[in-house]
Amino acid sequence: MKIGDLVKNLNSESRMTGVIIGWSGHQNSDPREGRRDPEVLWADGRCNWIMRHMVEVVK
């Protein structure tokens, strides 16, 4: 996953899509480079972080 990737939320009934706009710095994130959780701008206008295993890159 990288900034600009289109992703879908695997925890959403509608599998809402969004674009990765950055990486979180919240206290539960793994501080190692490449292991932090993505911050996503969702199709409905919300912007928040989500755990890595809860999103999938749309191909």
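Counting from 1, residues in each chain are numbered in the order their sequence is written. With the structure being a predicted model, the display of local features is reserved for residues of pLDDT at least 70 and the display and counting of side-chain atom pairs for 80 or more, all residues being used for whole-chain, interface and lining totals. Values reported for side chains reflect all heavy atoms of the structure, with hydrogen atoms and water molecules removed beforehand.

The next subject is unusual backbone geometry. A negative phi holds for most residues other than glycine; trans holds for most peptide bonds. The backbone phi angle of Arg15 is positive, close to 55°, even though this residue is not glycine. Summary of the burial criterion: residues with accessible area below 20% of their type's maximum are buried, those above 50% are exposed, and those between are partly exposed, where the area comes from a 1.4 Å probe applied to protein chains only. Since its relative accessible area comes to 40%, Arg15 is described here as partly exposed.

Moving on, we get to the sheet that holds strand E1 (residues 6-9). Paired strands are those between which DSSP finds at least two bridges. Helical segments are the DSSP runs of H or I of at least four residues, strand segments are the runs of E of at least two, and each set is numbered from the N terminus. Pairing is antiparallel in the open sheet, where 5 strands are placed in the order E4-E3-E2-E1-E5. Both edges of this open sheet fall to strand E4 (47-49) and strand E5 (55-57), since each of them pairs with a single strand only. Averaged over all pairs of adjacent strands, the angle between their axes in this sheet comes to 40°, without regard to strand direction. Both strand E2 (residues 17-23) and strand E3 (residues 38-42) contribute to a ladder of 5 bridges, which runs antiparallel. Looking across to E3, one finds that Trp23 is bridged to Pro38. Between N-to-C directions, angles span 0 to 180 degrees; the directions come from axes that are lines fitted to C-alpha atoms, helices contributing only their stretch in contact.

The nonpolar core is taken to be a set of buried Ala, Val, Leu, Ile, Met, Phe, Trp, Tyr and Cys residues, with the residues joined through side-chain atoms within 4.5 Å. The biggest cluster of nonpolar side chains holds 7 residues, and these are Val7, Ile20, Val40, Trp42, Ile50, Met54 and Val55. Those residues in contact with Val55 that sit more than four places away from it in its chain are Met1, Val7, Lys8, Asn9, Leu10, Pro38, Trp42 and Ile50. Throughout, a contact is declared for two residues whenever any of their heavy atoms are within 4.5 Å.

This part takes up a nonpolar patch on the surface. Judged by side-chain polarity, Leu6, Val19, Ile21, Leu41 and Val58 come together as a nonpolar surface patch covering roughly 360 Å² of accessible area. With respect to the element layout, Leu41 can be found in strand E3. Residues enter patches when they are more than 30% accessible in relative terms and free of salt bridges; like-charged ones are connected within 9 Å and nonpolar ones (Val, Leu, Ile, Met, Phe, Trp, Tyr) within 5 Å. Shrake-Rupley sampling with a 1.4 Å probe provides the accessible areas, and residues are treated as covered by the protein chains on show and by no other component. A side-chain nitrogen of Lys or Arg and a carboxyl oxygen of Asp or Glu constitute a salt bridge if their distance falls within 4 Å.

On to the confidence of the model for the protein. Per-residue confidence from the predictor is given as pLDDT, running between 0 and 100. Mean pLDDT over the protein works out to 88, with 81% of the residues at or above the 70 mark. For the protein, E4 is the element with the lowest average pLDDT, namely 93, and E1 is the one with the highest, namely 97.

A few words now on the pattern of salt bridges. The tally for this structure, following the rule as stated, stands at 3 salt bridges. In this structure, the salt-bridge partner of Lys2 is Asp5, at a minimum N-O distance of 3.1 Å. Note on Lys2: relative accessible area 53%, which makes it exposed. In this structure, the salt-bridge partner of Glu56 is Lys8, at a minimum N-O distance of 3.4 Å. With a gap of 48 residues between them, Glu56 in strand E5 and Lys8 in strand E1 connect regions that are remote in the sequence. Accessibility expressed as a relative area gives 37% for Glu56, which makes it partly exposed.

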